[in-house]
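# Survey of secondary and tertiary structure
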Amino acid sequence: MFYSAVGGWILLLAFLFAATDVEAVNAAGGFSGAIFESALTPVFFKIVIIISTIGQFFCGMSCVTSMSRMAYAFSRDRAVPGWRLWSKVDRNGTPVNAIIGATLAGLVLTLPALYESSAGIPIAFYAVVSVAVLGLYLSFLIPIALRLRMGDRFVPGPWTLGRKYKLLGWIAVIEIAVIAVYFVLPIVPAGVPGNDGFTWSAVNYAPLAVGGVLLVVAVWWYASARTWFTGPVRTVEEPAARSEPAAVDGPE
């Protein structure tokens, strides 16, 4: 993480010193591609864009891979509605249904990108990035907060922070709280309810998406799941074959 931070800082400095044509960058509305376009020849500009596009493709595939595996794992543990469908795997052991379902959910999340924002900036892109960051950091927050709550009752594993867990845990909680506030704020003045020129097409819908999911999960938990969900489903290896997971009462 440290070396990644240093490398990222050097990369940002390179962007800063390459942005010598301020008017061209401003005219592009802050689009980072304008930095390369104004600082490089057309050939090198295209090479940079192609490399970036290929890199983004592989990053996207990595996201799909991790996302589909998590969808499968939660479904395998009966923690997702319709778990029987999402936990199925094909003959190669690939959770095809989980991949398709989770990808379609991501597609729905980005549908607002089809509508041009009156603010003139990619609101949907920023909102999707905010949703991803919020979801990731909230998933970090849950085990950290539970660890702090248990205190000395928690039995640490082979890797532990020792007595430093309290200090580092609270630093992490505070940082996540600050980041969570940052990513739910409106992106432009037109996205602030009550402002002059307010329009729904400029609203940062990240808090609506994340808050909506949290609300649905909370209702489902208190209304049903807490009465039957007992944690991960464990399978037992037998000499001849693997036994089926024990049945768990609960909704499909």
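A short tour of the structure in this document, coming up. (Residues numbered from 1 in each chain as written. Predicted model: local features only at pLDDT ≥ 70, side-chain atom pairs only at ≥ 80, totals over all residues. Heavy atoms only, no water.)

### Some thoughts on the nonpolar core
If you look at the biggest cluster of nonpolar residues, it comprises seven residues: Val131, Val133, Leu134, Ile179, Phe183, Ala206 and Val210. By residue number, the principal contributor to this core is helix H7 (residues 123–150), which donates three residues. Setting aside anything within four residues of it in sequence, one finds phenylalanine 183 in contact with Ser130, Val133, Leu134, Asn204 and Ala206. (Core = buried A, V, L, I, M, F, W, Y, C linked by side-chain atoms within 4.5 Å. Buried < 20%, exposed > 50% of the residue type's maximum accessible area, 1.4 Å probe, protein only. Helix = DSSP H or I, 4+ residues; strand = E, 2+ residues; numbered from the N terminus. Contact = heavy atoms within 4.5 Å.)

### Looking at a nonpolar patch on the surface
On the surface, a cluster of nonpolar side chains totalling about 820 Å² of accessible area is made up of Val96, Ile100, Leu104, Leu107, Val108, Leu111, Leu114 and Tyr115. Inspection of the secondary structure assignment puts leucine 107 in helix H6 (residues 96–109). (Patch = residues over 30% accessible without salt bridge, like charges linked within 9 Å, V, L, I, M, F, W, Y side chains within 5 Å. Areas by Shrake-Rupley, 256 points an atom, 1.4 Å probe, with all protein chains shown as cover. Salt bridge = Lys/Arg side-chain N within 4 Å of Asp/Glu carboxyl O.)

### What to know about the pattern of salt bridges
Once their charged atoms are close, side chains differing in charge can pair, the charge on each being opposite to the other. Counted according to the given criterion, the structure contains two salt bridges. We note a salt bridge from aspartate 77 to arginine 76, for which the minimum N-O separation is 3.5 Å. One salt bridge in this structure joins arginine 163 and aspartate 152, with 3.0 Å as the shortest N-O distance. Residue arginine 163 is located in the loop between H7 and helix H8 (165–184), and its partner aspartate 152 is located in the loop between H7 and H8; the two are separated by 11 residues in the primary sequence.

### Concerning the environment of serine 75
On the secondary structure map, serine 75 appears in helix H4 (residues 42–76). The sequence separation of serine 75 and tyrosine 137 amounts to 62 residues, and the corresponding C-alpha distance is 22 Å. Discounting residues that sit within four places of it in the chain, serine 75 has contacts with Val80, Trp83, Trp86 and Ser87.

### Overview of the state of the cysteines
For the structure on display, the rule yields zero disulfides. There is no disulfide at cysteine 59, and the cysteine sulfur nearest it, in cysteine 63, is 6.8 Å away. Judged by its relative accessible area of 44%, cysteine 59 is partly exposed. (Disulfide = S-S within 2.5 Å.)

### Comments concerning the packing of aromatic side chains
Throughout the structure, instances matching the rule amount to nine aromatic pairs. A ring pair is formed by phenylalanine 198 and tryptophan 200, whose centres lie 5.4 Å apart and whose planes are at 75 degrees; its orientation type is edge-to-face. Of the residues examined, tryptophan 200 reaches a relative accessible area of 64% and is grouped as exposed. One aromatic cluster in this structure is built from Trp220, Trp228 and Phe229. It is arginine 147 that lies over the ring of tyrosine 165; its NZ or CZ is 3.6 Å from the centre. (Phe/Tyr/Trp six-rings, centres within 6.5 Å; stacked < 30°, edge-to-face > 60°. Lys NZ or Arg CZ within 6 Å of the ring centre and 35° of its normal.)

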